[in-house]
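Next come the chains, spelled out residue by residue.
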Amino acid sequence: MTRSSIRSTRRRAAFAGALLAAVTLAVTACSSGTSALPGDGGSTAKTDTVFSGAPVAKAALIIPGSTMEKIKKRGKLIVAEALDAPLLSQQDPTDPSKITGFDADLAKLLAIYILGKPNVEIVPPASETREAMLQNGTVDVVFNTYTITPQRATQVDFAGPYFESGLSVAVKSDNKSIKSEKDLDGKNVIVGANTPAVTEVPKVAPKATVTAFGTDPAAVQALIQGRGDAYVQDYTLLASDAASEKQIKVVGQPFTKEPYGIGLPHGDSDFKSFVNNWLKTIQKGGQWGQAWKTTLGTVTDSAIPTPPEIGSVPGS
């Protein structure tokens, strides 16, 4: 993953702790009526917008002897997924059975597609263990802001990309003048030291003054205090920041590209084709857009983005 080392370090520590404790979380729920689904906090509104009417694969698509059939016979989808990533996949500390976020919702939608119900077992990964977890069969899929690269594609397969992150812009919540990176020229722009923003901001805003901070919390605090007009960082990290700090918001769409894929076992072409077809189905049916709107979309003024084209990047 070509992301900020700040976030990587923070997440790696949390994941490692989870692995040492051998944490495995089983999440199950009833799929009928308006029963609350895992991760929705008991909200029937979210059930209606994201999961209600979610597609279920026709029996003919569950090929005998396939990974899909194995999962269906087991009765649950086993997913490598974070438990500490706000708006992506975060565990509710007051109710460990509730996991919320964009990645979490997509994992449930895939489980519904295979099983007819959102039965998901979560195994928290560390960034460096994702390939091994797929190779040794610990998990069926990885939903973990997993950047598609040709090098990784020699060890695992990728469905997607299912989401395209990249550098984005955050401003104070009452800021009306900066709506995207196009409005950064002449502004004081905060960036993380040793992140791609250091070199990318001058490309899109050559007249901007760039001020680097060593940590993400320091950068966020500087923005709140008015020591900069905007903060440029990875979209998903900014979304997490905005979820916990209501004085800031994300504006516009990412202006660099970092495609996230769904990690799959290497060489399983039937399963890859199945998952890619599912992605197309939920994009067309609106579930992908609603999952984004009720998670990452809650901290931005932007409309639902257009999903990236499946198979559009090297390694996918």
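One can find the structure itself at the top, above this paragraph.
Being a predicted model, the structure only gives us computed values, none of them experimental.

Chemist: Explanation requested: the packing of helix H4 (residues 102–115) against helix H9 (residues 269–285) in the structure shown.
Modeler: Relative placement of two packed helices is described by the angle separating their axes and the distance separating the axes. Packing of H4 against H9 leaves a shortest axis separation of 11 Å and a crossing angle of 110 degrees. With respect to their mutual orientation, H4 and H9 come out roughly perpendicular. Contacts between H4 and H9 involve Leu 106, Leu 109, Leu 110, Tyr 113 and Ile 114 on the former and, on the latter, Phe 274, Trp 278, Thr 281 and Ile 282. Residue classes in the contact of H4 with H9 are distributed as eight nonpolar, one polar and no charged.

Chemist: I'm lost on the nonpolar core in this one. Help?
Modeler: Looking at soluble globular proteins, one finds that nonpolar side chains tend to be buried together. Counting 63 residues, the largest nonpolar core has Phe 102, Leu 106, Phe 143, Ile 262 and Trp 278 as the members making the most contacts within it. For Phe 143, the residues in contact, after removing those within four places along its chain, are Val 79, Ala 80, Glu 81, Ala 82, Asp 103, Leu 106, Ala 107, Leu 110, Tyr 162, Ile 262 and Trp 278. Of all hydrophobic cores here, the second largest spans 15 residues; its members include Leu 167, Val 189, Ala 230 and Val 232.

Chemist: Can you help me understand helix H8 (residues 235–244) in this one?
Modeler: Side chains three or four residues apart in an α-helix point the same way, a direct result of the helix having 3.6 residues per turn. The buried fraction of H8 amounts to eight of the 10 residues, a majority that puts the element mostly inside the structure. Considered for burial, the residues of H8 that qualify are Tyr 235, Thr 236, Leu 237, Leu 238, Ala 239, Ser 240, Asp 241 and Ala 242.

Chemist: Is there a simple way to explain the sheet that holds strand E5 (residues 95–100) in this structure?
Modeler: By definition, the strands of a sheet pair up through backbone hydrogen bonds, in either a parallel or an antiparallel sense. Taken together, the three strands give an open sheet; going across it, the order is E3-E4-E5, and neighbouring strands pair in antiparallel fashion. Two strands lie at the open edges of the sheet, namely strand E3 (84–85) and E5, each paired on one side alone.

Chemist: Got a minute to help me understand the packing of helix H3 (residues 67–74) against H9 in this structure?
Modeler: At a minimum axis distance of 8 Å, the contact between H3 and H9 shows a crossing angle of 75 degrees. In this view, H3 runs roughly perpendicular relative to H9, as classed from their interaxial angle. Between H3 and H9, the contacting residues are Thr 67, Met 68 and Ile 71 on the first element and Asp 270, Phe 271 and Phe 274 on the second. A breakdown of the residues in the contact of H3 with H9 according to their chemical character gives four nonpolar, one polar and one charged.

Chemist: Would you mind going over the packing of aromatic side chains with me for this structure?
Modeler: The description of an aromatic ring pair rests on the distance of the ring centres and on the angle between the ring planes. Considering all chains together, one arrives at nine aromatic pairs under this definition. Considering the side-chain rings of Phe 102 and Tyr 162, the 6.3 Å spacing of their centres and the 25 degrees angle between planes classify their relative orientation as stacked. In this pair, Phe 102 is assigned in helix H4 and Tyr 162 in strand E8 (residues 157–165), connecting sequence segments 60 residues apart. Taking the relative accessible area as the measure of exposure, Phe 102 reaches 0% and is therefore buried. Both rings, one in Tyr 146 and one in Phe 158, keep their centres 4.9 Å apart while their planes meet at 70 degrees; by these two values the pair is edge-to-face. With Tyr 146 in strand E7 (residues 141–147) and Phe 158 in strand E8, this residue pair connects regions lying 12 residues apart in the sequence. Each member of the pair, Tyr 146 together with Phe 158, is buried. Ring pairing ties together the aromatic residues Phe 102, Phe 143, Tyr 162, Phe 163, Tyr 235, Tyr 260, Trp 278 and Trp 288, which thus form one cluster.

Cut-offs and rules
- Residues numbered from 1 in each chain as written.
- Predicted model: local features only at pLDDT ≥ 70, side-chain atom pairs only at ≥ 80, totals over all residues.
- Heavy atoms only, no water.
- Axes fitted to C-alpha atoms, helices over the stretch in contact; angles between N-to-C directions.
- Helix = DSSP H or I, 4+ residues; strand = E, 2+ residues; numbered from the N terminus.
- Parallel < 35°, antiparallel > 145°, perpendicular 65-115°, else oblique.
- Contact = heavy atoms within 4.5 Å.
- Nonpolar A, V, L, I, M, F, W, Y, C, P; charged D, E, K, R; others polar.
- Core = buried A, V, L, I, M, F, W, Y, C linked by side-chain atoms within 4.5 Å.
- Buried < 20%, exposed > 50% of the residue type's maximum accessible area, 1.4 Å probe, protein only.
- Pairing = 2+ DSSP bridges.
- Phe/Tyr/Trp six-rings, centres within 6.5 Å; stacked < 30°, edge-to-face > 60°.

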